[in-house]
Every structure is written in C-alpha cells, then in structure tokens.
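Fold and contact review
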Amino acid sequence: MSRTTWRTHRCGALRAEHVGQWVRLGGWVHRRRDLGGIVFLDLRDRDGLVQVAFGPGWSPPDVLVAAGALGSETVVVVEGQIVVRPASARNPEMATGDVEVHATALVVVGPAETPPIPVARGKTDELPAEELRLKHRHLDLRRPELLANLILRHRLMQRARRTLSELEFLEVETPILTKPTPEGARDYLVPSRLHPGEFYALPQSPQIYKQLLMVAGFDRYFQIARCFRDEDLRYDRQPEFTQIDLEASFVGTEDVYGFVEAVLVALWDEAGHAIERPFPRITWREAMERYGTDKPDLRYEFPIADWTAQVQLLGVPFIEQALRDEARVRGIAVKGGGALSRKDVDQLAEAAKQVGGSGLAWAKRLGDHISGSVAKHFTAEGLGALGVGDGDAALMVVGPDRVTSPVLDRVRMEVIRRLAPAPTRAHAFAWVVDFPLFEPDHETGTPVFAHHPFTSPHPDDVVRLESDPFSCRALHYDAVYNGNELGSGSIRITDPAIQRKVFAHLGLAPGEIEARFGFLLAALQAGTPPHGGFAIGFDRVAMLLAGAGSLRDVIAFPKTTAARALFEGAPAPASPADIAALHIEVK
C-alpha cells in the first residue's frame with residue numbers, strides 16, 4: 001500500500017525477502033558516510049532506516065558524486081537493487097540491517113539547509129534544550145522516538161474507537177464554541193463579532209452536551225474530545241488536551257466501571273501489556289488515610305499509619321504542643337529504612353517543607369541502637385509498636401490532615417525513589433470511589449464542588465445535602481494507575497430540584513442559576529434517564545504507554561509550561577482592525 005508515483009516501498013519496510021528486487025525509495029538523508037570511494041546513506045522515512053550504498057561497481061559516476069555532496073535532512077529519491085549485506089556488515093540494531101540498496105539513480109527533490117537542531121544522534125548525545133526543540137518542532141518530530149510515540153498514539157486512538165463501537169457506543173461530535181460553565185478551571189473566552197459584547201467559551205469538557213444527548217435518547221455516546229482549560233502553569237498539563245469521553249444511560253457505577261475497564265484493558269493490550277480486570281476498589285477516605293493522596297501508587301508498600309495514640313504515651317513536649325486543631329501524628333514505617341543516609345533524611349525533610357510541612361521527625365533502628373531527630377524519645381520496643389523493626393526507620397509528621405497528607409505522600413514517593421524497592425506488580429490499576437461532594441474553600445470555608453456540579457450525591461447522603469453538605473459523598477470515581485490519575489467520572493444529577501440545591505450551595509442566586517443553566521434544567525424536566533459517564537485523559541495514557549517523560553513527547557504540536565506555542569509564535573497580538581471588529585478593547 002506504500003507504492004506511489006515516487007516510490008515502490010517505504011525505507012523501513014525492506015527485508016531479506018526483497019533481495020533481488022528493484023526499488024524506488026523516497027526519504028530524508030539521516031547520515032552520510034564516505035568510505036574510500038563508496039558512499040553510504042542511511043535513508044529515513046516514517047517506517048525506519050535503510051542503508052543505501054553508492055559505489056563505482058553499480059552507480060554511474062555522476063550519481064556517486066552527487067551522493068557524496070548530500071547534506072543532512074535532504075529529501076531524495078533513489079533507485080536501485082536490494083542486495084544482502086556481507087555478514088560482517090550486518091546491523092542487528094536495524095530492522096533492515098540484513099540488506100542494503102545498491103543505488104543506480106539519485107534525485108534531490110527537497111534540498112535542505114543545515115538544520116538548527118540535529119535529528120540523527122548517537123546513543124550518548126544529549127538532546128538540545130526543549131525550548132529549542134519546540135521552536136523547531138518540524139525537525140524534532142523527525143526523531144524516531146517522537147515518531148514512534150505518535151504512531152502508538154494513533155494505534156491507541158483507533159483501538160479506543162473500535163472498543164467503544166463494539167460496546168454499542170455512538171461517536172457524536174459536540175460544539176467547540178459553547179457557553180461558559182463552571183468546570184473547575186478558567187474558560188478560554190472567544191468574543192463574538194456578530195453579537196457585540198457577547199462571548200463563546202471553548203469547552204473544558206463536553207459535560208453538559210453529553211448529558212443532553214442522554215436526555216435525547218442516544219443511550220451510549222463517546223467522543224475523542226478536544227478540551228481547553230486556561231489553568232495556571234502546571235508541568236503535567238496542557239491548555240488544550242484530548243480525552244476519551246463517554247456517557248451511557250440506564251447505568252450505575254458498576255456499568256461505567258465495566259465500560260472504562262474494557263477500554264483501558266484494550267489500550268494496554270495494544271501497547272503489549274496483559275491487564276486483569278476488574279480493578280480493585282479503594283475509597284477516597286482510605287486512600288487519603290493510607291497514602292495521603294487520591295491517586296496512590298499501589299505498586300509499593302509503605303502505607304501511612306496513625307501513630308497518635310502510641311506517641312502521646314511518650315509525652316514528647318513538641319508533639320504534645322502540636323496536637324491541637326484536629327492534629328494527629330502520622331508516619332511511615334520504612335522497611336529497610338536503615339539504609340537511608342543522613343543526607344537522604346535531610347532531603348526528605350526539605351521535600352516535606354516544599355509541600356507545606358514544618359519538617360520531618362525520624363528515628364532509625366539498628367539492633368537496640370536508636371538514632372535520629374527523635375531518637376531519645378524511643379526505645380527499640382517503642383519503635384516496634386509502630387511496626388519499625390531492626391534495620392527500619394520511622395518517618396513522622398504532626399499536624400492536621402490537610403498538611404500531613406500531602407507531606408507524607410511526597411515523603412513516601414521520595415522514599416520509594418531512593419530505596420528503589422521491587423514493585424509488587426508492574427501495573428497497579430484501582431478505582432478510587434466515594435469522594436466528597438463538596439470541599440471547603442481555603443479562604444472562606446464555604447462549599448465548593450470537589451469535581452463538577454453535575455455529580456450526583458450518594459443516595460444515602462441526599463438527606464444531609466442542605467444540613468451538612470460536607471458530609472455528603474459523591475457518586476464520583478477516579479481510575480488511577482501507578483500513581484497517575486487516568487480519568488474521572490460520575491453518575492449525574494437527573495432531579496432538577498437536587499441540581500438547584502447543588503447550585504445554591506455554590507453561592508449561585510436563583511436568577512443566576514436560570515441564566516447560566518436554565519437550558520440544562522429545562523432538559524432534565526423533559527424526561528431524563530439515569531446516566532453516568534467518564535473521561536479518560538488520552539494524552540496521559542499515551543505518555544505512560546510510550547514510556548515518555550512528558551506529555552509534550554506524545555503531542556505533535558504542544559504548548560510550553562507557559563502555554564506558548566513556540567513553533568508558530570502563539571499567542572500573538574491581534575491587529576487593531578481585528579480587535580475593533582470584535583467590539584473589544586485591549587488595556
């Protein structure tokens with residue numbers, strides 16, 4: 001299927017079974033080597049590399065001279081015969097390493113200036129700075145690593161489509177120009193030229209539209225959706241991103257789990273990994289208690305424990321003073337923690353401070369000898385009561401959970417990185433369930449939605465929705481994998497009265513509710529089936545399955561952490577005429 005006017009085969013497709021055939025290849029000059037009258041090119045296309053040889057025994061003199069003058073990244077078309085490489089010259093690291101092409105013709109079809117960043121690199125060569133690579137993204141994308149990542153991304157996207165189609169989901173596109181709605185981040189606003197003073201928003205997700213599709217009776221919807229969030233700088237976020245979005249009617253949480261697990265198992269299978277389902281379940285409260293995070297890495301042990309009762313018996317003054325305002329003593333019994341050096345522990349304490357902790361108390365046990373910042377308060381027997389054995393260490397903090405949870409999460413992951421224990425399993429999937437419906441605003445203490453305001457309260461907690469909103473659980477669920485959140489979903493609110501109560505808790509007045517969400521409330525009154533859905537962060541899945549170090553390595557044209565597109569220079573100022581036509585003013 002690769003045959004076109006300009007070529008018969010792709011470079012990387014040639015194998016021993018093609019020996020003797022005459023071929024025409026088109027590609028980029030990856031490397032050139034001149035060896036005593038013979039010129040070798042590594043010719044590259046999207047399928048890979050093949051060696052092309054120009055020599056006096058088979059190449060016309062003018063072709064040989066032209067080959068010796070070729071520069072890196074020049075696009076050429078060559079013709080010749082496929083031959084077997086001599087045994088001593090075979091390259092087992094190349095898929096085409098058993099053959100080469102003896103070229104009889106050469107045409108330069110795309111001359112190239114010297115590239116500002118190298119495409120061909122040796123194994124020990126460092127990559128240029130990322131900002132430079134993003135500025136010359138068209139060249140960076142020629143790197144085999146990025147090409148392989150984007151080919152995998154394509155395969156994963158097609159596998160997701162096929163899996164959901166087999167589950168009877170319908171792919172439906174929803175609008176990109178939409179109405180601003182609260183989804184947890186700032187909207188990108190688009191001024192309307194035809195309606196002065198009015199604005200569209202780019203969707204943070206297709207949330208309301210997919211619910212309207214359920215009201216309309218589409219039953220099962222999915223979309224490979226482009227979404228936009230004007231968030232503050234985050235190393236692991238992009239202002240525009242892709243998610244596998246799905247919604248289904250007449251479902252409960254177990255049904256949604258089944259749909260999402262089917263997609264994730266298929267995606268991991270596409271990347272060559274066999275995954276078992278169903279995934280284990282862990283409540284949000286248990287995850288925060290044992291791991292300090294709602295996306296725990298369950299490949300490793302080192303759970304967090306509550307040591308308040310044991311430590312209170314010791315009468316440690318600074319701990320006694322700190323045990324107020326709902327504070328607790330929590331810590332990690334680190335098996336093998338005796339191997340942590342004083343420098344390691346100091347760095348762990350610094351990591352704790354970076355996420356809001358005041359420090360880290362620690363003690364190591366080697367036989368009956370106890371060392372550490374709180375060593376004088378503990379005996380071997382006392383540490384044993386905390387689960388700290390010979391050769392182990394105790395790492396502890398004191399404070400309210402909102403402080404100790406992120407601190408111990410960070411400390412736990414730093415300990416794992418330093419001790420490098422063998423994981424209990426390679427692929428640790430889990431469902432985190434029973435999230436809170438609301439959480440207090442950090443400044444005012446008033447309720448804000450923990451995820452988005454269309455999430456249904458747990459049926460057992462609806463009676464407390466007005467009297468004690470913070471005690472209400474949500475029918476919300478996250479899929480986590482090896483310490484990464486893969487996506488979120490929920491069963492949706494279908495009762496307009498409950499939806500109004502949730503909006504009211506968020507501080508919206510009745511008139512504002514009607515202005516912003518009247519169309520949704522009217523739809524819910526038109527006969528709405530029970531429904532729920534999920535959104536899988538596709539960029540993150542692709543990154544994890546490609547083994548890439550950044551989301552930018554699996555996105556063709558990503559933004560920087562400053563939300564800039566360096567290749568094309570966006571965002572950029574608009575002309576005064578364009579601004580005037582939009583009826584807006586730049587100050």
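Residues numbered from 1 in each chain as written. Predicted model: local features only at pLDDT ≥ 70, side-chain atom pairs only at ≥ 80, totals over all residues. Heavy atoms only, no water.

A few words on the nonpolar core. Counting 43 residues, the largest nonpolar core has Leu264, Leu267, Trp268, Trp431 and Phe534 as the members making the most contacts within it. A per-element tally of this core places helix H6 (residues 253-270) first, with nine residues. Excluding its chain neighbours within four sequence positions, the residues that come into contact with tryptophan 268 are His273, Ile275, His427, Phe429, Tyr481, Leu486, Val541 and Leu545. Counting residues in each nonpolar core, the second largest holds 22 residues, with Leu14, Val76, Ile82 and Leu106 among its members. (Core = buried A, V, L, I, M, F, W, Y, C linked by side-chain atoms within 4.5 Å. Buried < 20%, exposed > 50% of the residue type's maximum accessible area, 1.4 Å probe, protein only. Helix = DSSP H or I, 4+ residues; strand = E, 2+ residues; numbered from the N terminus. Contact = heavy atoms within 4.5 Å.)

If you walk across this open sheet you meet the eight strands as E6-E9-E10-E22-E21-E20-E17-E11, and the pairing is mixed. Here the strands that pair on one side only, and so sit at the sheet edges, are strand E6 (170-171) and strand E11 (281-283). Bridging between strand E9 (residues 220-228) and strand E10 (residues 240-249) involves nine bridges; their strand directions are antiparallel. Within E10, the residue paired with phenylalanine 222 across the bridge is leucine 246. The strands touched by H6 within the sheet are E9, E10, E11, strand E17 (429-433), strand E20 (476-481), strand E21 (484-491) and strand E22 (531-537), with E22 carrying the most contacts at an inclination of about 25°. The sheet contacts of helix H7 (residues 284-291) involve E11 and E17, and relative to E11 the element is tilted by about 80°. (Pairing = 2+ DSSP bridges. Axes fitted to C-alpha atoms, helices over the stretch in contact; angles between N-to-C directions.)

Looking now at the layout of surface pockets. By volume, the second largest pocket is sized at about 560 Å³. Along the wall of the second largest pocket there are 27 residues; nearest its centre are His30, Arg31, Leu49, Met94 and Pro144. Listing elements by their share of the lining of the second largest pocket, those giving two or more residues are strand E1 (22-35), strand E2 (38-45), strand E3 (48-54) and helix H4 (144-166). Classifying every residue of the lining of the second largest pocket by side-chain character gives nine nonpolar, six polar and twelve charged. (1 Å grid on protein atoms, 1.4 Å probe; cavity = no way out; pocket = protein on both sides within 12 Å on 5 of 7 lines; lining within 4 Å. Points joined across faces, edges and corners; volume = space filled by probe spheres on them. Nonpolar A, V, L, I, M, F, W, Y, C, P; charged D, E, K, R; others polar.)

Spatial ordering of the open sheet is given by E12-E13-E16-E14-E15, a layout of five strands whose pairing is antiparallel. The open sheet terminates on both sides in strands that have one partner only, identified here as strand E12 (304-306) and strand E15 (369-371). Strand-to-strand, the axes of this sheet are offset by a mean angle of 25°, without reference to chain direction. Two strands pair when backbone bridges link them, and strand E14 (residues 361-366) and strand E16 (residues 393-399) are joined in this way by four bridges, in the antiparallel orientation. Note on E16: the bridge partner recorded for alanine 361 is methionine 396.

It is worth spelling out the pairing of E2 at this point. When a strand is regular, its side chains alternate between the sheet's two faces. With seven of eight residues buried, E2 is to be regarded as a mostly interior element. As paired elements, E1 and E2 share seven bridges and run antiparallel to each other. Bridged to valine 29 within E2 is leucine 43. Connecting E1 to the antiparallel partner E2 that follows it, the hairpin turn spans two residues, and glycine 36 within it adopts a positive phi of roughly 55°. Here E2 pairs with E3 via seven bridges, running antiparallel. Residue valine 39 lies in a different strand from E3, and its bridge partner there is phenylalanine 54. In this structure, the hairpin formed by E2 and E3 is closed by a connection of two residues.

Here isoleucine 282 lies in strand E11. The spacing of isoleucine 282 and glycine 57 is 225 residues in sequence and 70 Å in space, taken between C-alpha atoms. When residues no more than four places from it in sequence are discounted, the contact partners of isoleucine 282 are Ala287, Tyr291, Trp431, Val432 and Val433.

Here the focus is a nonpolar patch on the surface. A contiguous nonpolar surface patch, about 290 Å² in accessible area, is contributed by Trp6, Val107 and Val109. With respect to the element layout, valine 107 can be found in strand E5 (residues 99-110). (Patch = residues over 30% accessible without salt bridge, like charges linked within 9 Å, V, L, I, M, F, W, Y side chains within 5 Å. Areas by Shrake-Rupley, 256 points an atom, 1.4 Å probe, with all protein chains shown as cover. Salt bridge = Lys/Arg side-chain N within 4 Å of Asp/Glu carboxyl O.)

Our next topic: the side chain of serine 192. You can see serine 192 is positioned in the loop between strand E7 (188-191) and strand E8 (199-202). One polar contact links the side chain of serine 192 to the main-chain amide nitrogen of leucine 194, over a distance of 3.4 Å. Apart from residues no more than four positions distant in its own chain, serine 192 is found in contact with Glu198, Phe199, Tyr200, Leu582 and His583. (Polar contact = N/O pair within 3.5 Å; in protein donor to acceptor, adjacent residues only side chain to side chain.)

Everything listed here is a matter of coordinates, which is why it stays silent on function.
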